[in-house]
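# Remarks on the overall topology
Residues per chain are reported as follows:
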Amino acid sequence: MAEGIGSYDLVVLGGGSGGYACALRAAELGKRVALVEKEKVGGTCLHRGCIPTKALLHAAEIADQARESTKFGIKTSFEGVEMPGVLSYQSSVVDRLWKGLQSTIASRKIDTIIGDGRLVSPTSVRVNDTVYEAGHVVLATGSEPRSLPGLEIDGTRVITSDDALRLDRVPRSVIVLGGGVIGVEFASVWRSFGADVTIVEMLPQLLPLEDESSAKHLQRMFRRRGISFELNSVFESVKHSDDGVTVTLVGGKTLEAELLLVAVGRGPVSSGLGYEENGVAIDRGFVVVDDVCRTNVPTISAVGDLVTTPQPGHPQLAHVGFAEGILVAERVSGLDVHPIDYHGVPRITYSDPEVASVGLTSAQIAEREIEFVEVNYPLGGNGKSVILQTQGSAKVFAEAGSDGSGPGRVLGVHLVGSRVGELIAEGQLIYNWDAEPSDVAQLIHPHPTQSEIIGEAHLALAGKPLHFHA
């Protein structure tokens, strides 16, 4: 029989972005908190996602800069990619952040419990032979790489993103199955490292959740970089060949490469954890929550990649997990909370070029039958972008004005180009505060910076363009 432990105010099952954010905020609000994690606190984002992939992307950027330095009058040489050294750099970044996170958690007097946790009642979690009781339980067990029916992952020739992060060599060639964020980012990395890359995407564009114009710009840049892609193409089968894999698409076309990366999305980690047995509503493996992350069981909440919400298309993003974890901690502590507008969450793909956005796409605006105006400001008119030798654009949508008035609130901000991910925070303020182009046009952006592209786009929408002509 499992031994019981004195009651906590909150037991959080899962120490990833949503789970540890919830634990930290609840402890800050005076709650006694236990955080259960089967491996290392930080979860997928810190150890197998956001941080290690962005470290690889930065190494890829360095490789490209070394190759292209003569464009800037700098003589250097590129002698190749030493993957053990890249992985050592990647590991040092992860380890530093992991140690810092552990220190922060300890400083808040949170009890960290390492082991496989399982929900055993609406108010308790068992880890090994110990049961931890709580006034409230938060489910935050996250997600894992998905595959397709009949597509077996072997970890050597057919791999997931987890396997790709541990790869100690640069593959000669790669087929990337899936043109979403994960697939596009790994395609960008491997091309910079020297691999031949082909992306297979079943939908009509790469990054299907982004605006069509952003996807088209990314696709043009990928072609220039030598990254191939097959759009509107459905995977049929894969076979091992003498020196790699042969992928067959519906219709009969075949592709050959050393590796196949399966990047068709991530599925919830919920099976076998006691959720359904204790009455928690599940939909296709996802935990069903309302707009403030409550499940149908009053003493249980859920956050992060694990959940499905009333708003369609719940984004699997670390910063969404942070926000949901904080929201639950504050709600359980009796504070007033407000639902998250997921359209108002910034989205970034850290490829070369980067794609960043917030708000609605043109297709979503059309679905809502909103009359709108738009400006597409090219990076070629921005001094800092020319200095950086990057191409791209800033596209902004706003409600059409009525009776001759200027445009109404901004509906979406969509950016493409090097480093534009660092700019989208301003876009989210504009969108979430219901700003109008005239509000932004009176603000002064420093020159020369890439932030001017947002200012210039709003100046144009407000009817007073500066470095811009239609």
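Right, let's walk through the structure included here. Please read these numbers as outputs of a predicted model, since none were measured by experiment.

## A word on the sheet that holds strand E15 (residues 259-262)
Spatial ordering of the open sheet is given by E8-E15-E9-E10-E11, a layout of five strands whose pairing is parallel. Both edges of this open sheet fall to strand E8 (158-159) and strand E11 (228-230), since each of them pairs with a single strand only. Bridge count between strand E9 (residues 173-177) and strand E10 (residues 196-200): five bridges; the pairing is parallel. Note that in E10 the partner of serine 173 across the bridge is aspartate 196.

## Some words on a nonpolar patch on the surface
Taken together, Met202, Leu203, Val234 and Val250 make up a surface patch of nonpolar side chains, about 360 Å² in accessible area. Assignment of secondary structure puts valine 234 in the loop between E11 and strand E12 (235-240).

## Here's the deal with the packing of aromatic side chains
In this structure the tally under the stated criterion is four aromatic pairs. Relative to tryptophan 190, the ring of phenylalanine 186 has its centre 5.4 Å away and its plane inclined at 40 degrees; by these criteria the two rings are tilted. Here the residue phenylalanine 186 and the residue tryptophan 190 both occupy positions in helix H6 (residues 181-193), the gap between them amounting to four residues, near one helical turn. Just as phenylalanine 186 is buried, tryptophan 190 falls in that class too. Seen from their ring centres, phenylalanine 372 and phenylalanine 397 are 5.5 Å apart, and the 85 degrees between their planes marks the pair as edge-to-face. A residue pair is termed long-range when its members are at least 10 positions apart, and phenylalanine 372 in strand E23 (residues 372-378) and phenylalanine 397 in strand E24 (residues 393-399) qualify at 25 residues. Residue phenylalanine 372 is classed as partly exposed on the basis of its relative accessible area of 28%. On the accessibility criterion, phenylalanine 397 (0% relative accessible area) is buried. Stacked on the ring of tryptophan 98, the Lys or Arg lysine 40 has its end atom at 4.4 Å from the ring centre. The lysine or arginine in question, arginine 67, covers the ring of phenylalanine 78, its NZ or CZ lying 4.3 Å from the ring centre.

Criteria and thresholds
Residues numbered from 1 in each chain as written. Predicted model: local features only at pLDDT ≥ 70, side-chain atom pairs only at ≥ 80, totals over all residues. Heavy atoms only, no water. Pairing = 2+ DSSP bridges. Helix = DSSP H or I, 4+ residues; strand = E, 2+ residues; numbered from the N terminus. Patch = residues over 30% accessible without salt bridge, like charges linked within 9 Å, V, L, I, M, F, W, Y side chains within 5 Å. Areas by Shrake-Rupley, 256 points an atom, 1.4 Å probe, with all protein chains shown as cover. Salt bridge = Lys/Arg side-chain N within 4 Å of Asp/Glu carboxyl O. Phe/Tyr/Trp six-rings, centres within 6.5 Å; stacked < 30°, edge-to-face > 60°. Buried < 20%, exposed > 50% of the residue type's maximum accessible area, 1.4 Å probe, protein only. Lys NZ or Arg CZ within 6 Å of the ring centre and 35° of its normal.

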